[in-house]
Amino acid sequence: MDAVKIAKKDLRNLAKEKTVLVAVLLLVSLSSLSQIVAMGLTILYSPSFNANVKVGLVGNAPIFERIAHPVKFESLENALASLRKGEVDAVVVLNETLNGTNYIDIYIPKEDIKAVKVIPVLRKILMDYQDILRIYKRIPILKVEAYDLSGKPIDVPEGISIQFRFMYTALIPLIVILTAIILGVYVIDILYEEIGCLEVLLCCVRLKDVVLAKVLAVTFVSAVLTATWLLGLIANGVSINISLTVLSSYTNYILSVSIAMMVFGFSRNREEAQLIYSLIFIPLILSFLTFDPSLLSLVVKSALSIFDFATIAFLTIDIILLFLAVKLTEFAMSKNL
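Please read these numbers as outputs of a predicted model, since none were measured by experiment.

> Mind showing me how you'd approach the overall build of the protein here?
What the protein contains, in helices and strands, is 13 helices and six strands. Burial status across the protein gives 42% buried among its 337 residues. The long-range share in the protein, meaning contacts at least 24 apart out of those at least 6 apart in sequence, stands at 73%. With an accessible surface of roughly 18,700 Å², the protein has 65% of that area assigned to carbon and sulfur atoms.

What follows is the structure in structure tokens.
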């Protein structure tokens, strides 16, 4: 019961931690606006949305003209001047031939936003142009189509793969990483809060109860944060396997909290502990992007209802690390008496 009382006190003090609260608001915003951001990416990279892109052409290319309907220029200098003024969105230099290789030079705006708008349109135009040239040269064209179990063709909405990849391979892992970092910073804060009054506190409770209270407090916060971003994603129409996602997310949370508690045991003050924690955990979690299975790849799989037995292995290792971290924290606190 003493551990529960201390944990309640730590949770009441959470409102004073402005850094943590700002991070929580960011987490809520990411999950709540997930569908809007994903739709924005879909629209941004959709060639049909950017159908009003004007392409300039320098050279003689009848087939390309039938596809792109470009603005013709007599010289490259005139075309680039028009590009700088914004009269055209891209310039293509092409002298078409059906007997040899066609070499194409493309000029696009320096501004990133304009370039992002132009590239998907040019890509579609050039792919259509390539198919027509293959027909003229009697080269087979590979067409990939999707069918359901009844043999009926599936019409995949344009841009859906971009939205899918962003949601499951970028946004959800990002939210889990952010939550893990919040928990790591929070556990360091509440551990250092007790250092000044630890001797007095231990007159009433055991050291084990103090450390257990910190674990209980961070467990409660992790549950609230996870429920918040899960509800945000679900409310935005994101299909997600809740139980598997929670399980894989906690493999990241426990690792983060364990590292934070271990860092506390070797640090002299709060600022130093948070710096060392950041230098250890953030590069470590980002390194997981380079191999599979990893803690982040398990999050992606879990969100897609794919269970990987590596989750159990990682969770077991994390629990062992947490046990060692708790023991190290108890030892570090006893040294401060």
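Picking up after the structure, the text goes on.
> Explain the sheet that holds strand β1 (residues 55-58) here, please?
Within a sheet, adjacent strands bond to each other through the backbone by hydrogen bonds, running parallel or antiparallel. One open sheet accounts for four strands, arranged β2-β1-β3-β4; its pairing is mixed. A single partner strand is all that each edge strand has here, and the edge strands are β2 (71-73) and β4 (104-107). Going across the sheet, the axis of each strand differs from the next one's by a mean of 25°, ignoring polarity. Pairing of strand β3 (residues 90-94) with β4, which is carried by four bridges, proceeds in the antiparallel orientation.

> Where do I start with helix α13 (residues 310-335) in this structure?
Counting along an α-helix, one turn takes 3.6 residues, and residues three or four places apart therefore face a common direction. Spanning 26 residues, α13 covers 37 Å between terminal C-alpha atoms, matching the ideal 38 Å at 1.5 Å per step. Three or more residues of α13 are buried, namely Ala310, Thr311, Leu315, Asp318, Ala325, Val326, Thr329, Glu330, Ala332 and Met333.

> What exactly am I supposed to notice about the nonpolar core here?
As a rule of thumb, nonpolar side chains are buried together in soluble globular proteins. Core analysis: the largest hydrophobic core is formed by 57 residues, its most contacted members being Val187, Trp229, Leu233, Met261 and Tyr277. Listed by contribution, the elements that provide at least two residues to this core are α2 (18-32), α7 (160-193), α9 (207-235), α10 (242-266), α11 (270-287), α12 (295-303) and α13. Among the elements that take part in this core, α7 stands out by supplying 18 residues, more than any other. Residues Val53, Phe64, Leu94 and Tyr129 belong to the second largest nonpolar core, which totals 16 residues.

> How do you make sense of the packing of α10 against α11 when you look at a structure like this?
Geometry of a packed helix pair, given as the angle between the helix axes and the separation of the axes. Relative to each other, α10 and α11 sit at 145°, their axes nearing to 9 Å. The crossing of α10 and α11 is right-handed. Where α10 approaches α11, its residues Asn252, Leu255, Ser256, Ile259, Ala260, Val263 and Phe266 are matched on the opposing element by Glu272, Ala273, Ile276, Tyr277, Ile280, Phe281, Leu284 and Ile285. Partitioning the contact of α10 with α11 into residue classes produces 12 nonpolar, two polar and one charged.

> Would you explain unusual backbone geometry in this entry?
The phi angle at His69 is positive, at roughly 50°, despite the residue not being glycine. Relative to the helices and strands, His69 resides in the loop between α4 (62-68) and β2. One non-glycine residue, Ser305, adopts positive backbone phi at about 65°. Along the chain, the position of Ser305 falls in the loop between α12 and α13. Residue classification places Ser305 among the partly exposed positions, given a relative accessible area of 46%.

> Looking at this model, I keep getting lost on the pairing of β1. Mind explaining?
Across a regular strand the side chains alternate sides, sitting on one face of the sheet and then on the other. Neither face of β1 is exposed, since Val55 and Leu57 on one face and Gly56 and Val58 on the opposite face are all buried. Sheet analysis places β1 next to β3, joined by four bridges and oriented parallel. Paired with Gly56 across the bridge in β3 is Val91. Pairing of β1 with β2, which is carried by three bridges, proceeds in the parallel orientation. Of the residues in β2, the one forming a bridge with Leu57 is Lys72. Where the polypeptide runs from β1 across α4 and back to β2, its parallel neighbour, the crossover connection is right-handed.

> Which parts of the structure should I look at to understand the confidence of the model for the protein?
The predicted structure's coordinates, where accompanied by low pLDDT, should not be read in detail. Mean pLDDT over the protein works out to 80, with 78% of the residues at or above the 70 mark. The lowest-confidence element of the protein is helix α3 (residues 34-44), averaging 55 in pLDDT; the highest-confidence one is β3, averaging 93.

> When you look at the environment of Lys117 in this model, what are you seeing that I'm missing?
Within the secondary structure, Lys117 is located in helix α6 (residues 112-136). Measuring from C-alpha to C-alpha, the distance between Lys117 and Val53 comes to 8.0 Å, with 64 residues separating the pair along the chain.

Conventions adopted
- Residues numbered from 1 in each chain as written.
- Predicted model: local features only at pLDDT ≥ 70, side-chain atom pairs only at ≥ 80, totals over all residues.
- Heavy atoms only, no water.
- Helix = DSSP H or I, 4+ residues; strand = E, 2+ residues; numbered from the N terminus.
- Buried < 20%, exposed > 50% of the residue type's maximum accessible area, 1.4 Å probe, protein only.
- Contact = heavy atoms within 4.5 Å.
- Areas by Shrake-Rupley, 256 points an atom, 1.4 Å probe, with all protein chains shown as cover.
- Pairing = 2+ DSSP bridges.
- Axes fitted to C-alpha atoms, helices over the stretch in contact; angles between N-to-C directions.
- Expected span 1.5 Å × (residues − 1).
- Core = buried A, V, L, I, M, F, W, Y, C linked by side-chain atoms within 4.5 Å.
- Left-handed = near helix turned anticlockwise from the far one by under 90°.
- Nonpolar A, V, L, I, M, F, W, Y, C, P; charged D, E, K, R; others polar.
- Right-handed = clockwise from strand over helix to strand, strands pointing away.
- pLDDT = per-residue confidence, 0-100.

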